[in-house]
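Breakdown of the fold
Here's the letter readout for the chains.
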Number of protein chains: 2
Amino acid sequence: MKKTIGWGIMATGTIANKFCDGLKHLEDAEIVAVASRSLDKAQAFSRKYGIRKAYGSYEELVRDPEVDIVYIATPHNLHFAGTMLCLEAGKAVLCEKPFALNAREAEKLIKYARDKKLFLMEAMWTRFLPAVVKVREWLKQGLIGEVRCLKADFGFRCEWNPKGRLLNIELAGGALMDVGIYTVSFASMIYGTQPNTIKSLAHMGETGVDEQCAMLFGYEGGQIASLGAAVRTEMKNDALIFGTEGMIHIPEFWCAKSATLHLASGREEAFGPEMKGNGYNYEAAEAMRCLREGKLESDIMPLDETLAIMHTMDTIRAQWGLKYPGEN
Amino acid sequence: MKKTIGWGIMATGTIANKFCDGLKHLEDAEIVAVASRSLDKAQAFSRKYGIRKAYGSYEELVRDPEVDIVYIATPHNLHFAGTMLCLEAGKAVLCEKPFALNAREAEKLIKYARDKKLFLMEAMWTRFLPAVVKVREWLKQGLIGEVRCLKADFGFRCEWNPKGRLLNIELAGGALMDVGIYTVSFASMIYGTQPNTIKSLAHMGETGVDEQCAMLFGYEGGQIASLGAAVRTEMKNDALIFGTEGMIHIPEFWCAKSATLHLASGREEAFGPEMKGNGYNYEAAEAMRCLREGKLESDIMPLDETLAIMHTMDTIRAQWGLKYPGEN
């Protein structure tokens, strides 16, 4: 593989902007091309980021031989089609979370990528942030003893726009899919497995999607995760991990800049390094490391776990009777 | 009623000590007598607090004509018998939370007190703390808009003692009854009603009681409460109330000394007054105010709500199959 890795950007929304802001901090990355279904939008985006090529279709993007890996930044409901388009063209893919609408879609993508021996990864950027890496180290060292309970919330209040992606059922809107996924994935990371009991509640708004939701996960050893998400209520978006010997607090865990350790022994430790870039660069760096090493998936965000998380998400939505158009 | 109100203290454990420490700050209260099933313990307690009379039985306490009101500080499983003994002797009662083992017991006590026209109140002291009074004012003023979600936890790590009141099923142990009650009562106070949907999880320990539990409450209007409790895991014991226009944070809510208001408008307000006494005096003052005014119950902690909370507690325990000896 050539020294510089060529990125293609599929779609030009907020998250695509953030991701490209992050990529600028990686010397061995080049954003080769951007594509939108609107050529105007692609061109405006390419000017903003100094990208050489702008395409008015995703098909052109995946045919570009300079593109080594595509970052999928489309609305949730288009993740499957976008990712499959890339894989069929032989491109590696970093796809925004949630990875797909449901486990069925996720399974197809994973199988296809494995069959074709193509790199594929869910863009759960939180896991690659230095503060979260440190939290995993603290846990591995057993500093807080046996983990008994995790709490994590992610909620914000969006404008009332029933057509927008957050509230529109056609675009797979709702709190769980947009921000709840961070809490579900975090629980999966902390416990290293999926819950064997799931209890949940949702407030379904006028547009038929969950505007607020809460989940309780129970695990084999009696551990609990208590998670919450909202798109019409601002919450305190912290994660707290409670163990038998202490606790870990991660303010704004989904974009964690710091973490603190509070031990029963009285020891306290704060971790808050100066961060490189806006944080999105860390997941991009992981994808690039894997590509250079010829790895087909990341050990930090492996595909079996991505699929397991989608199964958990499916179970939660089934409890509310929330189906997206096209699901049966 | 005479100027000074005479208190009788039933039982001499930790909470009785805290309550008497609080009572010292009320000029118009006198601790007239203390009773324990051990005369030695009663006498030691009476010396500590300068109490004139110490009894080796509860029967003597409730026959003492100088006792206007009895504070019940026995283990949970003895609340019913202790309260009924007092009521039968014509005494007013302030009974520790949880008010009784279950709604059936609570209902009998409430009916009996009402029939006999005797004052009766659950000692949910949190409600009477100045910071919590201020929170109710903020909510009444609608400062955070429509409340959408409440989160509250109360967990600590006790020593492993299977015979002690916290883990012993004979003594109605477990996290829900000991500290979960604070979170359930707080949700009742915030929403002014009981949930119409309850989902919960518990980790039942070796002794058959819940060492850790988590509850989700859903309300008519889609509001949610997410609560947690533990007796073998220290938690961050905060309450957070999320509304459409802002949030309220109450650190260590169960013994709240302060509260902060964070509005979407940017306005922030912190409330943290100098407190009188250790906080237990406020609930005692409320009971005394009611006695002086001839009221049979408190408007802040009314008996219908105490009963409704016990029904909610029953529903939660039923989900876990947790029954205490003597329940059927």
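Computed from a predicted structure; not experimentally measured.

1. Here's the deal with the overall build of chain A
- Scanning chain A for helices and strands turns up 9 helices and 14 strands.
- In terms of overall size, chain A behaves like a compact globule, its C-alpha atoms giving a radius of gyration of 19 Å where 328 residues would be expected to give roughly 20 Å.
- For chain A, buried positions account for 61% of its 328 residues.
- Within chain A, residue pairs in contact and separated by at least 24 positions form 67% of the contacts whose partners lie at least 6 positions apart.
- As presented, chain A carries roughly 12500 Å² of accessible surface, and 50% of it is formed by carbon and sulfur atoms.
- A distance of 3 Å separates the average location of the 39 positive side-chain charges in chain A from that of its 42 negative side-chain charges.

2. Describing the relation of the copies chain B and chain A
- Once chain B is rotated about the relating axis by 180 degrees and shifted along it by 0.0 Å, it coincides with chain A to within an RMSD of 0.0 Å. Both copies are brought into coincidence by an operation consistent with a two-fold rotation axis. In terms of proximity to the rotation axis, the leading residue of chain B is Lys199 of chain B, whose C-alpha is 3.1 Å off the axis.
- A high fraction, 100%, of the interface residues of chain B reappear at the interface in chain A, so the copies pair face to face through one surface.

3. Regarding the nonpolar core
- Counting 119 residues, the largest nonpolar core has Trp7, Ile9, Phe99, Phe186, Phe217, Ile241 and Ile250 of chain A as its most contacted members.
- Ranked by residues supplied to this core, first place goes to helix 7 (residues 175–191) of chain A with 12 residues.
- Phe99, Tyr219, Ala239 and Cys255 of chain B belong to the second-largest nonpolar core, a separate cluster that totals 118 residues.

4. With respect to the interface of chain B and chain A
- Contacts between chain B and chain A engage 30 residues on the former and 30 residues on the latter.
- Taking both partners together, chain B and chain A bury about 2700 Å²; carbon and sulfur atoms supply 70% of that area.
- Taken as a group, Leu201, Leu216 and Ile224 of chain B account for 21% of the area that chain B buries against chain A, more than any other trio of residues on that side.
- Its salt-bridge partner being Lys151 of chain A, residue Asp153 of chain B comes within 3.0 Å of it at the nearest N-O pair.
- Taken together, the links from chain B to chain A amount to 7 residue pairs in polar contact (both at pLDDT 80 or more).
- For the side of chain B that touches chain A, the secondary-structure elements that each account for two or more residues are strand 7 (147–155), strand 8 (197–204), strand 9 (210–218), strand 10 (224–230) and strand 11 (239–243) of chain B.
- Looking at the side of chain B that touches chain A, the element that brings in the most residues is strand 9 of chain B, giving 7 residues.

5. Observations regarding helix 1 (residues 14–23) of chain B
- All of the buried residues along helix 1 of chain B are Ala16, Asn17, Phe19, Cys20, Gly22 and Leu23 of chain B.
- On its buried side, helix 1 of chain B packs onto strand 1 (5–10), strand 2 (29–35), helix 2 (39–49), strand 4 (69–72), strand 5 (92–96) and helix 8 (280–293) of chain B.

6. Comments concerning the side chain of Asp210 of chain B
Residue and element names in this part refer to chain B.
- Counting through the fold element by element, Asp210 comes out in strand 9.
- One buried charged residue, Asp210, forms no salt bridge at all, with the nearest opposite charge on Arg317 at 7.4 Å.
- A polar atom in the side chain of Asp210 sits 2.7 Å from the backbone nitrogen of Leu176.
- Ignoring any residue separated from it by four or fewer positions in sequence, one finds Asp210 in contact with Gly173, Gly174, Ala175, Leu176, Ala202, His203, Met204, Val231, Trp320 and Leu322.

7. Some details on the pairing of strand 13 (residues 259–263) of chain A
All names here are of chain A.
- Alternating positions in strand 13 separate cleanly, Ala259, Leu261 and Leu263 being buried on one face and Thr260 and His262 remaining unburied on the opposite face.
- Sheet analysis places strand 13 next to strand 14 (residues 268–271), joined by 4 bridges and oriented antiparallel. From the neighbouring strand, Leu261 faces strand 14, where its bridge partner is Glu269.
- Connecting strand 13 to the antiparallel partner strand 14 that follows it, the hairpin turn spans 4 residues, and Gly266 within it adopts a positive phi of roughly 105 degrees.

8. Thoughts on the packing of aromatic side chains
Residue and element names in this part refer to chain B.
- Under the counting rule described, the total for this entry stands at 20 aromatic pairs over all chains.
- Ring geometry for Trp7 and Phe19: centres 5.2 Å apart, planes at 65 degrees, overall edge-to-face. Linking Trp7 in strand 1 with Phe19 in helix 1, this pair joins segments that are 12 residues apart in sequence.
- Using a relative accessible area of 0% as the deciding quantity, one classes Trp7 as buried.

9. A look at the pattern of salt bridges
Residue and element names in this part refer to chain A.
- Going through the model one piece at a time under the given rule, you end up with 44 salt bridges over all chains.
- A salt bridge links Arg52 to Glu66; the nearest nitrogen and oxygen atoms lie 3.1 Å apart. Residue Arg52 is located in the loop between helix 2 (39–49) and strand 3 (53–55), and its partner Glu66 is located in the loop between helix 3 (58–63) and strand 4 (69–72); the two are separated by 14 residues in the primary sequence.
- One salt bridge in this structure joins Arg267 and Glu269, with 2.5 Å as the shortest N-O distance.
- Judged by relative accessible area, Arg267 falls into the partly exposed class, the value being 38%.
- The structure contains a network of salt bridges with shared partners spanning Glu30, Arg52, Lys53, Asp64 and Glu66.

10. Here's the deal with unusual backbone geometry
- Look at the link from Lys97 of chain A to Pro98 of chain A: it is a cis peptide, with omega at -10 degrees.
- On the secondary structure map, Pro98 of chain A appears in the loop between strand 5 (92–96) and helix 5 (103–116).
- The phi dihedral of Lys117 of chain A falls on the positive side, at around 55 degrees, and the residue is not glycine.
- The phi torsion at Glu252 of chain B lies on the positive side, around 45 degrees, for a residue other than glycine.
- Positionally, Glu252 of chain B belongs in the loop between strand 12 (246–250) and strand 13 (259–263).
- Accessibility expressed as a relative area gives 33% for Glu252 of chain B, which makes it partly exposed.

Conventions we followed
Residues numbered from 1 in each chain as written. Chains lettered and ligands numbered in written order. Predicted model: local features only at pLDDT ≥ 70, side-chain atom pairs only at ≥ 80, totals over all residues. Heavy atoms only, no water. Helix = DSSP H or I, 4+ residues; strand = E, 2+ residues; numbered from the N terminus. Rg over C-alpha atoms; globule rule 2.2 N^0.38 Å. Buried < 20%, exposed > 50% of the residue type's maximum accessible area, 1.4 Å probe, protein only. Contact = heavy atoms within 4.5 Å. Areas by Shrake-Rupley, 256 points an atom, 1.4 Å probe, with all protein chains shown as cover. Lys, Arg positive; Asp, Glu negative; His and termini not counted. Charge placed at Lys NZ, Arg CZ, Asp CG, Glu CD. Least-squares fit on C-alpha atoms with pLDDT ≥ 70 in both. Core = buried A, V, L, I, M, F, W, Y, C linked by side-chain atoms within 4.5 Å. Buried area = accessible area lost by both parts, 1.4 Å probe. Salt bridge = Lys/Arg side-chain N within 4 Å of Asp/Glu carboxyl O. Polar contact = N/O pair within 3.5 Å; in protein donor to acceptor, adjacent residues only side chain to side chain. Pairing = 2+ DSSP bridges. Phe/Tyr/Trp six-rings, centres within 6.5 Å; stacked < 30°, edge-to-face > 60°.

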